Amino acid sequence: DNRAHPHHSYWTHIPIYWVTIHAAFSVIFCTLFRPLINLAHIFFVAIYVHLALDTLVGGILWLYPASSKYIHFFDVPSIFNWWVMNFILHWTFLIELALVGIAIFVMIRTRISKG
C-alpha cells in the first residue's frame, strides 16, 4: 500500500493477538505435542522481544483494545530519503546489534563447550 498504512497497525504487531495465540498454542502443545512445548515458547518469546524492540522507536499498541495509542520511547528524525537509514543510523539500533552480538557469542560458546 506504498506505506499508506503503517505495518505496526497490522495484527502481527499487536500484542493481544500474540498473547491469545500463545495461550491457545500452550494448551494445544501441552496436551498433544508435549515434546515441542519449549520450542513453541521460544518462538513466542522471540515475538515478544521483537515487539519490545519495536517499542523503542516504532510504536506498538500495547494497550489495545482498551486504547489505540501507539507506545514508543524515542522518536527517529527523518533525515535520509530512504527511511531505513534513519533507523540504522539512530543510536537505538546499537541495542539490536548488541543483542545479535550476544546471541552469536552464546551460540559459539555453546558449540565450543559441546565439543
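Note: the structure precedes this text.
These numbers come from a predicted model, not from an experiment.

Engineer: Account for the overall build of the protein, naming residues and giving values.
Structural biologist: Each helix and strand counted, the protein has 4 helices and 0 strands in total. Moving toward the C terminus, one meets the helices and strands of the protein in the order α-α-α-α. Here the C-alpha radius of gyration of the protein, 18 Å, is well above what a compact globule of 115 residues would show, namely 13 Å. When its C-alpha atoms are laid out on the principal axes, the protein stretches across 50 × 40 × 25 Å. Among the 115 residues that make up the protein, the fraction classed as buried is 23%. Taking contacts inside the protein between residues at least 6 apart in sequence as the whole, the part at least 24 apart equals 38%. Summed over its atoms, the accessible surface of the protein is roughly 8,700 Å², and 72% of this surface lies on carbon and sulfur atoms. Computing the positive centroid from 6 side-chain charges and the negative centroid from 4, the protein places the two 19 Å apart.

Engineer: Now, about the packing of helix H1 (residues 15–31) against helix H2 (residues 37–57): what can you tell me, with residues and values included?
Structural biologist: H2 packs onto H1 with a crossing angle of 175° between their chain directions and a minimal axis gap of 10 Å. Considering the angle they form, H1 stands roughly antiparallel to H2. Only Ile 37, Ala 40, His 41, Phe 43, Phe 44, Ile 47, Tyr 48 and Leu 51 of H2 make contact with H1, whose side of the interface consists of Pro 15, Trp 18, Val 19, Ile 21, His 22, Phe 25, Ser 26, Phe 29 and Cys 30. Residues of the contact of H1 with H2, tallied by class, amount to 14 nonpolar, 3 polar and no charged.

Engineer: For unusual backbone geometry, give the residues involved together with the corresponding values.
Structural biologist: Along the chain, Tyr 64 connects to Pro 65 via a cis peptide bond; the corresponding omega equals 10°. Note that Pro 65 resides in the loop between H2 and helix H3 (83–88).

Engineer: Any chance you could break down the packing of aromatic side chains for me, citing the residues and the numbers?
Structural biologist: Any pair of aromatic rings gets described here by the distance separating the centres and the angle formed by the planes. Taken as a whole and assessed by the stated rule, the structure comprises 9 aromatic pairs. By the ring-pair criterion, three or more aromatic residues cluster together here, those being Trp 11, Tyr 17, Trp 18, Phe 25, Phe 43, Phe 44 and Tyr 64.

Engineer: Go over the layout of surface pockets, please, and point to the residues and values.
Structural biologist: Size it by volume and the largest pocket reaches roughly 610 Å³. Of all the secondary-structure elements, those providing two or more residues to the lining of the largest pocket are H2, H3 and helix H4 (93–114). The residue inventory of the lining of the largest pocket, partitioned by class, reads 11 nonpolar, 11 polar and 4 charged.

Definitions and cut-offs
- Residues numbered from 1 in each chain as written.
- Predicted model: local features only at pLDDT ≥ 70, side-chain atom pairs only at ≥ 80, totals over all residues.
- Heavy atoms only, no water.
- Helix = DSSP H or I, 4+ residues; strand = E, 2+ residues; numbered from the N terminus.
- Rg over C-alpha atoms; globule rule 2.2 N^0.38 Å.
- Buried < 20%, exposed > 50% of the residue type's maximum accessible area, 1.4 Å probe, protein only.
- Contact = heavy atoms within 4.5 Å.
- Areas by Shrake-Rupley, 256 points an atom, 1.4 Å probe, with all protein chains shown as cover.
- Lys, Arg positive; Asp, Glu negative; His and termini not counted.
- Charge placed at Lys NZ, Arg CZ, Asp CG, Glu CD.
- Axes fitted to C-alpha atoms, helices over the stretch in contact; angles between N-to-C directions.
- Parallel < 35°, antiparallel > 145°, perpendicular 65-115°, else oblique.
- Nonpolar A, V, L, I, M, F, W, Y, C, P; charged D, E, K, R; others polar.
- Phe/Tyr/Trp six-rings, centres within 6.5 Å; stacked < 30°, edge-to-face > 60°.
- 1 Å grid on protein atoms, 1.4 Å probe; cavity = no way out; pocket = protein on both sides within 12 Å on 5 of 7 lines; lining within 4 Å.
- Points joined across faces, edges and corners; volume = space filled by probe spheres on them.

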